[in-house]
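# What the coordinates show
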Amino acid sequence: MVDFYDELAYETNPFPETHPGNLAALGRLFGISTVSPQQCRVLELGSATGGNLIPMAWHLPHSEFVGVELSSAQVAIGQRIVGQLNLQNIRLDVGDILELNPAVLGQFDYIIAHGVYSWVPSAVREKILALVRDCLSPHGLAYISYNLLPGWRMRGSLRDLLLHATREVSGADAKYHAAISALRRLQHALQGAEADSQRYVQKEIAYLLDSHPSYLLHEYLAGENNAFLFSEFLADAERHELQYVCETDLHTLFDTTLSMPAQAALSDIDDPLQHEQWMDFVRMRAFRKSILCRADVPLERVVDVDVFTTFFYSANLRLKGKENLSNTKPVVFLTPDNTELNVTHPLSKAALLYLQAVHPYTPDFDELYANAAERVRQAGGKQFANARSELVSEWFSLYSYRAVYGHLSPCLLKPEWSEYPQASALARVQAAEGWQSVASIRHQALSLDAFSRRLLQVLDGTHTVPELISRLCEEVEAGTLQIPGGKQSQTSGKGLEKEISTNVKHLLTVFAQHGLIV
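Per an unreviewed UniProt entry, the protein chain goes by Regulatory domain of a methyltransferase-containing protein and derives from Thiothrix caldifontis.

The following block contains the structure:
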């Protein structure tokens, strides 16, 4: 297994749901006095190249981070980046989970195991839960993601196919190409298929064909790939004196997201955890991202909405179409992956527009409500402007779907760039390393093409915007750089300069909105 991972490093992006700020906020909703993410200790098991942990360490300089990874090749990559950034608050170690000593590791306020639990033998899973029990601080939280039954059985059929197609192939590159060939053959064979199961497989194939090679290889061709019932995971956690808090996908806790017949069929199940298990059966859910705490921590099973309104908020959404703030006709906001999100109440629409304008700045609820109410009044919807409780309700729904993020502390950074724009050292190093994305201040992955990656590298604060434009024009004309879209520009001279100027200024705005400009 080590050789396989050494041969092809896993693409490790920032996962916003694992960030201590997100975990801390979720814990507060259930009555846990979680430790401030500004001063905490974080352990990540299976930290790969550090793509998730290093940005946390960069943005939280007064917290301490420890990553443990089996692959020495991947750890070497992460350690090189840590050295370039001169980070003193993070340690990336080569280590086998089975050999980790809790007494040596110490206690942590947040423990992360993303993409590990389902992909290791049972002995390692037991050790993960034992480490969580022994290393979790009194009010600490652990995040564990895992494949889930019954939904995983559908994806498992693709794993069966890919294991068969690559059974006589060795080496990561050869296995990947054999797997891609098999997927395309099956995609062609399923053209026009109408059965629900076949359509599901078609969708999964399209996703895999567009994914990074490391995802396909490590997810579908790893030696271990196990799935569990939610109730089985709970029983294992309880044996290790741990208890379930919630999911990072908070909306899945509520049966109001199910159809009316489904809600009626499950209405007599009083045990909330048994109710969640049955919702998995109804949804055919395939994956969970669960949060655990120590068994001796008192929990509130009903979300405290009053706590929710003490948060600071951010949202990475953009409006599609017109604002429409004077009535409850739905408008569409787009997520970064272009998923459409319908929002109905004028106050919610106005609040999202405000967050879009000031991102990454994070207002509190009172500021958000006041700004939204004024916008709605000016748009002719004054009858909606005082509906604070309705804003709270829809705002929490948006939060539960992770369309809106809640934070315990504010970000005061404004989306601006100066005469001599400068990107953070973190963003410049990630770009120089050739990473496909960089981590935003909100711990989200911002995808890069060759042009944006090059622009980040030269944003060292010593060049004016006209100088940057001139430099990139020279590189495009020399053929060493392509303009966005992957094609060489058909223009030259003033036309090329105008095209690049437009791209540079747009990207500077995007970088500033994601907190990459310092």
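Structure's up, so let's keep going.
### Looking at the nonpolar core
One finds Leu29 and Trp395 to be the most contacted residues of the largest nonpolar core, which totals 105 residues. Per-element accounting of this core gives the leading share, eight residues, to helix α15 (residues 346–358). In contact with Leu29, not counting residues within four places along its chain, are Leu250, Val302, Val303, Asp304, Val307, Phe308, Phe311, Phe396 and Tyr399. The next biggest cluster of nonpolar side chains, apart from the first, holds 29 residues, and it includes Leu446, Leu448, Leu496 and Ile517.

### A few points about helix α6 (residues 122–135)
Taking 1.5 Å per residue, 14 residues should reach 20 Å; α6 reaches 20 Å between its end C-alpha atoms and fits that length. Burial in α6 covers these residues: Val124, Arg125, Lys127, Ile128, Leu129, Ala130, Leu131, Val132 and Cys135.

### Some remarks on the environment of Gln436
Looking at the secondary structure, you find Gln436 in the loop between α18 (425–432) and β14 (437–439). Overall, Gln436 belongs to the partly exposed group, its relative accessible area being 43%. Taking C-alpha positions, Gln436 is 26 Å from Leu355, a pair spaced 81 residues apart along the chain.

### Some points on the confidence of the model for the protein chain
Predicted confidence across the protein chain gives a mean pLDDT of 92, with 96% of residues reaching 70 or more. Within the model, pLDDT remains below 50 along residues 1–5, and this stretch shows 10 contacts once partners closer than five positions in the same chain are excluded.

### Overview of the pairing of strand β5 (residues 136–148)
By the criterion of burial, β5 is predominantly enclosed, with 11 of the 13 residues buried. Note: strand β4 (residues 108–113) against β5, five bridges, orientation parallel. Its bridge partner lying in β5, Phe108 is registered against Leu136. With respect to chirality, the unit in which β4 leads through α6 into the neighbouring parallel β5 is right-handed.

### Description of unusual backbone geometry
Residue Pro150 is reached from Leu149 by a cis peptide bond, and omega for that bond is 10°. Relative to the helices and strands, Pro150 is located in the loop between β5 and α7 (152–165). With an omega dihedral of 15°, the bond running from His359 to Pro360 counts as a cis peptide bond. Its identity as a non-glycine residue notwithstanding, Glu241 has a phi of 60°, on the positive side.

The rules behind the values
Each chain carries its own residue numbering, running from 1 in the direction its sequence is written. Restriction of local features to residues with pLDDT of at least 70 applies here, the model being predicted, together with a cutoff of 80 or more for giving and counting side-chain atom pairs; totals for whole chains, interfaces and linings are based on all residues. To obtain the side-chain values, all non-hydrogen atoms of the structure were included, while hydrogens and water were left out. Remark: nonpolar core denotes a set of buried residues (Ala, Val, Leu, Ile, Met, Phe, Trp, Tyr, Cys) joined through side-chain atoms within 4.5 Å. Each residue is placed in one exposure class: buried if its accessible area under a 1.4 Å probe, protein chains only, is under 20% of its type's maximum, exposed if it is over 50%, and partly exposed if it falls in between. Numbering goes from the N terminus for both helices and strands, where a helix is a DSSP run of H or I of at least four residues and a strand is a run of E of at least two. A contact between two residues is defined here by any heavy atoms of the two lying within 4.5 Å. Expected span, for any helix, means 1.5 Å times one less than how many residues it has. For every residue, the predictor states its confidence as a pLDDT score lying anywhere from 0 to 100. Should DSSP find at least two bridges between two strands, the strands are taken to pair. Call a crossover right-handed when, viewed with both strands pointing away from you, the route from the first strand across the helix to the second goes clockwise.

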